[in-house]
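# What the coordinates show
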Amino acid sequence: MRLVFMGTPDFAVPSLLALAAAGHQLIAVITQPDKPKGRRQELAAPPVKNHGLALGLPVYQPPKVKDPDFLRVLTDLGPELIVTAAFGQILPGELLDIPPFGTINLHASLLPMYRGAAPIHRAVMNGDAVTGVSTMYMTEQLDAGDIILQAALPVMPEENTGQVHDALAVLGARLLVDTVNLIAVGQAPRRAQEQGRVSYAPMLRRSDEIISWDKPAQMVVNQIRGLNPWPGAFTTWNGRQIKISRASLANHRPERSHSRGQPGQVARVVKGQGFVVTAGDGDGVMVWEVQPQGRGRMTAAEFVNGYPLVAGSLLGGADHGS
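Residues numbered from 1 in each chain as written. Predicted model: local features only at pLDDT ≥ 70, side-chain atom pairs only at ≥ 80, totals over all residues. Heavy atoms only, no water.

## Overview of the overall build of the chain
Each helix and strand in the chain was counted, giving 8 helices and 15 strands. Along the three orthogonal principal directions, the C-alpha set of the chain runs to about 70 × 45 × 30 Å. For the chain, the proportion of its 322 residues judged to be buried stands at 49%. Sequence separation of at least 24 residues holds for 65% of the intrachain contacts in the chain that already meet a minimum separation of 6. Summed over all atoms, the accessible surface of the chain reaches about 15,400 Å², with 52% contributed by carbon and sulfur. (Helix = DSSP H or I, 4+ residues; strand = E, 2+ residues; numbered from the N terminus. Buried < 20%, exposed > 50% of the residue type's maximum accessible area, 1.4 Å probe, protein only. Contact = heavy atoms within 4.5 Å. Areas by Shrake-Rupley, 256 points an atom, 1.4 Å probe, with all protein chains shown as cover.)

Printed below as a string of structure tokens:
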């Protein structure tokens, strides 16, 4: 089939490479414009652009895909099918209708759960034991099209969003190739999403990054691993921000006494390992890796060796610390 591929970040790269290896005729790659990156704000190309060029494919980077000039270019390319994966712009109906076999999308959830921009983050933050990927026919409504294929992925309790992201990218690439192969021979299944099971995964907000120590310990741990490696969950201490990038439930429950302290209070420092913080249910969160404001990541053991954090220290939220 004559395919146009639309994608932008690392998540979409395995899909592009898998479709190229599967023998389909990739005629163009559409991706987002280069964007400033890093402290120097130098323009950086999206990962999909780099891989598209390496494959020798024409690459287009329209600022807005609804622009009539771009729609004419896409029409002239004559794709039989448009395939999208984490492209990053809302596609208008005029674009979806260009290819005779439609436009399909790879989404990183088991639809109709977690429609929206941050399905992987939300699944890990919610402590889901299973997530997955779905392919669907696209409509103008957000992630609401008919499902073609799905594949599930178990999520281990210690896995973070980065690890789940990478596994889903590979799983999704295989599912996308299977989907295109079935469409090519007219055997692709199609079923409507169950409206009663719809949930959403909205874009992350700054407030999602603030660790709420008054929540149960497991919820705090899930938040930390769900925001690792990006954008990171943070707390404050002595008025300065500290990101916590790795944590687990403490092996032992803090003492049920006044010495246990309040949520956010350091219950104990564990030499050579890190420190335990009391959560809202009285259980402890064992902190293993941190990033103090203005510094790189370090183990929590290194942190307590270099900073005066002791049992009884109080960790805060966005605006305070002790």
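## Some words on the nonpolar core
Grouped together as the largest cluster of nonpolar side chains are 36 residues, with contacts concentrated most on Phe5, Leu19, Val83, Ile104 and Leu168. The greatest single-element share of this core, amounting to 9 residues, is contributed by helix α6 (residues 161-184). Beyond its immediate sequence surroundings of up to four residues, Ile104 is in contact with Leu81, Ile82, Val83, Thr84, Met136, Tyr137, Met138, Ile148, Leu176, Thr179, Val180 and Ile183. If you look at the next biggest cluster of nonpolar residues, it comprises 28 residues, including Ala118, Trp237, Ala247 and Val285. (Core = buried A, V, L, I, M, F, W, Y, C linked by side-chain atoms within 4.5 Å.)

## With respect to the packing of helix α1 (residues 13-21) against α6
Each pair of packed helices can be summarised by the angle the axes make with each other and by the distance between the axes. Relative orientation of the contacting elements α1 and α6 amounts to 40°, with a least axis distance of 8 Å. Judged by the angle between their axes, α1 and α6 are oblique. Crossing of α1 against α6: the hand is right-handed. Residue-level inspection shows Pro14, Ser15, Ala18 and Leu19 of α1 in contact with α6, the latter providing Ala169, Gly172, Ala173, Leu176, Val177 and Val180. Residues belonging to the contact of α1 with α6 are distributed by class as follows: 8 nonpolar, 2 polar and no charged. (Axes fitted to C-alpha atoms, helices over the stretch in contact; angles between N-to-C directions. Parallel < 35°, antiparallel > 145°, perpendicular 65-115°, else oblique. Left-handed = near helix turned anticlockwise from the far one by under 90°. Nonpolar A, V, L, I, M, F, W, Y, C, P; charged D, E, K, R; others polar.)

## With respect to the confidence of the model for the chain
Model confidence for the chain is summarised by a mean pLDDT of 94, while 95% of its residues fall at 70 or above. Confidence drops under pLDDT 50 across residues 254-258; counting only partners more than four residues distant or on other chains, this segment forms 10 contacts. pLDDT under 50 marks residues 317-322. Its contacts with residues more than four places away, or in other chains, come to 17 contacts. (pLDDT = per-residue confidence, 0-100.)

## Points about helix α7 (residues 217-226)
Across the 10 residues that make up α7, a large majority, 8, are buried. Those residues of α7 lying buried are Ala217, Val220, Val221, Asn222, Gln223, Ile224, Arg225 and Gly226. Buried residues along α7 sit against α5 (119-125), α6, β10 (233-237), β11 (240-249) and β14 (284-292).

## Structural notes on the pairing of strand β13 (residues 274-278)
The buried fraction of β13 is high, at 5 of 5 residues. Strand direction decides the pairing type here: strand β12 (residues 266-270) and β13, joined by 4 bridges, are antiparallel. Of the residues in β13, the one forming a bridge with Val269 is Phe275. In textbook terms, the turn of a hairpin is the stretch between consecutive antiparallel strands, and for β12 and β13 this stretch comprises 3 residues, one of which, Gly272, has a positive phi near 80°. Relative to β14, β13 runs antiparallel, the two sharing 4 bridges. The residue bridging Thr278 from the neighbouring strand is Gly284, located in β14. A loop of 5 residues connects β13 with β14, the two strands running antiparallel in sequence, and Gly282 in this loop sits at a positive phi of about 90°. (Pairing = 2+ DSSP bridges.)

## Describing the side chain of Thr179
Secondary-structure assignment places Thr179 in helix α6. Given the relative accessible area of 0%, Thr179 is considered buried. In contact with Thr179, other than residues within four places in its own chain, are Ile104, Thr135, Ile148 and Leu149.

## Looking at the packing of α1 against helix α2 (residues 47-54)
Their axes nearest at 9 Å, the elements α1 and α2 cross at an angle of 20°. When the interaxial angle is binned, α1 and α2 end up roughly parallel. Every pair of crossing elements has a handedness; the one defined by α1 and α2 is right-handed. Where α1 approaches α2, its residues Val13, Leu16 and Leu17 are matched on the opposing element by Pro47, Val48, His51 and Gly52. Among the residues making up the contact of α1 with α2, the classes are represented as 5 nonpolar, 2 polar and no charged.

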